[in-house]
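# Architecture at a glance
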Amino acid sequence: MPPVSLLNESPKKQLRVAIIGQSTFAAEVFKLLQKDGHEIVGVFTVLDKGNREDPLATIAAQYGIPVFKYKTWRIKGIVIPEVLEQYKSVNAEINVLPFCTQFIPMEVILYPKYQSICYHPSLLPRHRGASSINWTLIEGDTTCGLSIFWADDGLDTGPILYQKSFPVTMDDTVDTLYNKYLYPEGIKALAESVNMVASGTAPRINQTEEGATYDPALFKPETHQIDWSKGGVALHNFIRGLDSSPGATTFIKPQTKDSVDEASEANIEIKFFGSSLWQAEYETRGDNLVIPGLEKPAVIHEAGLLITANDDVKLNIQRLKVNGKMIKAQNFFKANEEKVSLELTADEKQFVESARDIWKAILRIDIEEDTDFFTSGAGSMDVVRLVEEVKELANIELQNEDIYMNTTFEEFCNIAVLKSRGCSKNKEIVYNGVEMEVNKMKIKFPTQLFINGEFVNSDSEKMLTLINPTDESVICKVQSASVNDVDKAVKAAKVAFEEGEWSKISARERGQLLFKLADLMEQHKEELATIESIDSGAVYTLALKTHVGMSIDTWRYFAGWCDKIQGATIPINHARPNRNLCLTKKEPIGVCALITPWNYPLMMLSWKMAACLAAGNTVVMKPAAVCPLTALKFAELSVLAGIPPGVINILPGSGTVCGQALADHPLVRKLGFTGSTEIGQTIMKSCAVSNMKKVSLELGGKSPLVIFEDCDLDKAVRNGMAAVFFNKGENCIAAGRLFVEETIHDEFVRRVVEETKKMTIGDPLHRGTAHGPQNHKAHMDKLIEFCERGVKEGAKLVYGGKRLDRKGYFFMPAVFTEVTDDMFIAKEESFGPIMIISKFSSKRVDEVVRRANASEYGLASGVFTRDVSRALELAERLDAGTVFVNTYNKTDVAAPFGGFKRSGFGKDLGQEALNEYLKTKCITIEY
């Protein structure tokens, strides 16, 4: 039967319409008919479900239209007289049945002048009956459609008024067909059909019985059972045909990854959702799931449940409902999973409360966090209503399956917020971790690798043992990444860069995600600072201000840069008689590797990664093996912020295995490293040999600090001590050598020693502590050896330089004088709280500049003087990436940071840092 076209014109007259039915669909038909000028004289619908009124009744009441609610229209096949009289009282000219689950007597159907028209979601006469959309898919139809027909005393057999057809793909489900075609087009078709009746143009085309089918309703459980003897395509069609409700069902024996309990009399009911035909050519690895009726076991793998039908056709299942609980298919064998709630912004909290009102309006009950949408009485039409109302409220595009997968109010809000952040999947943050009560708070952090948005164990099963430097106790063991783990992480980062959501969102949206991440770090700053203290020995108050505080500032700074990265237009010679346009684009490099040191674990991560992500790259990061915990906590926060999977990957591990694998990997296009010059040289060599990857290196330092006699001596002493002892001397720009003018030398030393003796050395978590333990034992031993060598070479140790007699890696800050330029301690970096003081004369400024520049390092330098001309002269002549004048350690997120010579090249922080993670493309156009 050919489709009947509609006339898209206004009706010649307005009709008195009675709407008989229910659901949001019917409510939308109500609104459209009113818009077209028809008079709705009565609405006839179902009884309330508890406190919940049908949407059609609600909208009618809002417009003051009489509403009649009936449990049934007839008893024992005979119309109820009172009901019939009530119906007749509205004096309708036509009945419109948009969606009706009740049997309407013929006395009602035929009573109006123009009788009754009814909507049916199939191309009649095919798929008559109550489950027509389901059967369209189950039968494998390539075309679906809708019909508006004149109701008669048969079952969907009346004459056709209008039909429209649509294509069906192998990926379509009940929800997709309904949402794409049958819902929006059905509403319009019913309204236009009423207009055609009003205009006298509505046809009555008798249905043919050729090709007619009547399909049974899929209400009974036995109709949902999967027949596993069928081929793979038929199985796929059956599962997708029952996809939104009630679900294709089977029963299996209780089983684990390793065995099936065949002796058990119990059966586990499983419903299947989200079927797709599997196109991959490779074998999928995973855990076997034995399903009775299948010759081969199904495989639970990272993308779902892979079923091999008995004809060897494969289909993949995304979701399972196991004994009534919906889960992701890949999580079937996972028990005791812990979900971490999202951290919400103020706007998101407001959305949650508005969503609570929507749920309350639908369910007519008070809504708690654990209120279950379906347990509280919601049905499939309520799902449609919820999706539409959330779209109208916050412009968030949810799918029906989002509701089925997230049935409690809390789960629903999480997925809605994630969608609003640009993340389509409600990732469960599941990890093996440690929970501790420390620093008068509870802290919690993961101990696994973070790859592709998930915490996972290492392939190698090797572990890193982390020691608290304060008391030498074991904090925990952390997974150590293998070469294969590095490969997985790099490939995940590549997919995220080229195909994932990160590659699709705008620069401004990228910035919004980074701002959210910074906000989460702010909310968790006390926990992050505490973790940094126990893991690296950082003094808590310093960690709060600098380690964590500056990290947050860094993320916010670079979040602001995301939508300000731009190229230029360049005037070039034209190829006459044509003209040319030349422009440049700044583009992200791709997959970047970052290797960071142990002195500022979170801050070094932030300095590099914030610029890297702001530029649009993806990252695989190896934190220092001795203190990776804040990096892993940061990974958890990144998921809560909505950063898509694969964008950030964190791999604790050794430098020789994990670090080397990153330097060698051919898919890594940029490597940023902070650490020793010797390791930097190895990395640079590996990057060149592997694939000429771009490199930036922030390496060792022996920063000179020149103090003239005309300085503010109090300030010079205070800043000189901070230049050496800040963060226990574990500071890449620490003043490795002080040149103090001979006229103030002795007084300077006296004051330094006096103030150093006052320093409170102890537990970094105590608020009065000024100096905590060194990061790890090997480093403390190196500092002791450094001091011993200085004494042996003839330098004078005027204070400290030894381990304190207490538990923990506590080292007494050292002060050396009478240090000559040829001594080891004058040339090499200690990376600890060891002050090296030498004299100079202001009469020989050229000489002190030469001595300051004699080092092969060039990271930082400083000068203290009241003479502005002298300060500017030294600032110009000192060969270092940073020169401090009358201050020290004054870094800022907006100021570039990086060194010269053997201190490396490339910049962290500031606008210049972005260039380390961008490539410039030149485009020339002729026209």
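Residues numbered from 1 in each chain as written. Predicted model: local features only at pLDDT ≥ 70, side-chain atom pairs only at ≥ 80, totals over all residues. Heavy atoms only, no water.

For the chain, the name recorded in an unreviewed UniProt entry is 10-formyltetrahydrofolate dehydrogenase, with Parnassius apollo as its organism. UniProt, in the comment section headed Catalytic activity (unreviewed entry), describes the chain in these words: "(6R)-10-formyltetrahydrofolate + NADP(+) + H2O = (6S)-5,6,7,8-tetrahydrofolate + CO2 + NADPH + H(+)". (UniProt positions renumbered as here; feature names shortened; annotations may be inferred.)

## So, the overall build of the chain
When helices and strands are counted, the chain shows 26 helices and 40 strands. Counting only C-alpha atoms, the chain reaches 115 × 80 × 55 Å along its principal axes. Within the chain, residue pairs in contact and separated by at least 24 positions form 69% of the contacts whose partners lie at least 6 positions apart. Per element, the accessible surface of the chain, about 39200 Å² overall, is 50% carbon and sulfur. When the 106 positive and 121 negative side-chain charges of the chain are each reduced to one mean point, those points stand 4 Å apart. (Helix = DSSP H or I, 4+ residues; strand = E, 2+ residues; numbered from the N terminus. Contact = heavy atoms within 4.5 Å. Areas by Shrake-Rupley, 256 points an atom, 1.4 Å probe, with all protein chains shown as cover. Lys, Arg positive; Asp, Glu negative; His and termini not counted. Charge placed at Lys NZ, Arg CZ, Asp CG, Glu CD.)

## Considerations on the pairing of strand 29 (residues 694–698)
For strand 29, the buried fraction is high: four of the five residues fall into the buried class. As judged from the five bridges shared by strand 28 (residues 670–674) and strand 29, these two strands associate in the parallel manner. Each bridged residue has a counterpart across the sheet, and for G672 the counterpart in strand 29 is S696. For the crossover from strand 28 across helix 19 (residues 677–691) to strand 29, the handedness is right-handed. Of the strand pairs in this sheet, strand 29 and strand 39 (residues 904–905) are connected by two bridges, and their pairing is antiparallel. (Buried < 20%, exposed > 50% of the residue type's maximum accessible area, 1.4 Å probe, protein only. Pairing = 2+ DSSP bridges. Right-handed = clockwise from strand over helix to strand, strands pointing away.)

## Overview of a nonpolar patch on the surface
Residues L581, I925 and Y927 make up a contiguous nonpolar surface patch of roughly 280 Å² in combined accessible area. By the secondary structure assignment, L581 is in strand 24 (residues 580–588). What makes L581 partly exposed here is its relative accessible area of 35%. (Patch = residues over 30% accessible without salt bridge, like charges linked within 9 Å, V, L, I, M, F, W, Y side chains within 5 Å. Salt bridge = Lys/Arg side-chain N within 4 Å of Asp/Glu carboxyl O.)

## Concerning the side chain of K622
Looking at the secondary structure, you find K622 in strand 26 (residues 618–622). For the buried K622, no salt bridge is present, and the opposite-charge side chain at shortest range is D535, 12 Å distant. Those residues in contact with K622 that sit more than four places away from it in its chain are L594, I595, T596, L651, G653, S654, G655, C658, G659 and L662.

## Focus: the environment of E498
Turning to its location among the elements, E498 is positioned in helix 12 (residues 483–498). The exposure class assigned to E498 is partly exposed, which follows from its relative accessible area of 45%. Among the polar contacts made by the side chain of E498, one reaches the side chain of K494 at a distance of 2.9 Å. (Polar contact = N/O pair within 3.5 Å; in protein donor to acceptor, adjacent residues only side chain to side chain.)

## Quick notes on the sheet that holds strand 2 (residues 39–45)
Spatially, 3-2-1-6-7-8-9 is the arrangement adopted by the seven strands of the open sheet, whose pairing is mixed. The two strands at the open ends of the sheet, each matched to only one other strand, are strand 3 (67–69) and strand 9 (160–167). Across this sheet, the average inter-strand angle for adjacent strands is 15°, counted without regard to direction. Pairing analysis gives five bridges linking strand 1 (residues 16–20) to strand 2, with the strands arranged parallel. Within strand 2, the position partnered with I19 by the bridge is V43. (Axes fitted to C-alpha atoms, helices over the stretch in contact; angles between N-to-C directions.)

## Some points on the UniProt feature "domain: Carrier" (unreviewed entry) in the chain
Residues given the UniProt feature "domain: Carrier" (unreviewed entry) here are residues 346–420. Annotation note: span residues 346–420, helix share 68%, strand share 0%, distance between end C-alpha atoms 14 Å.

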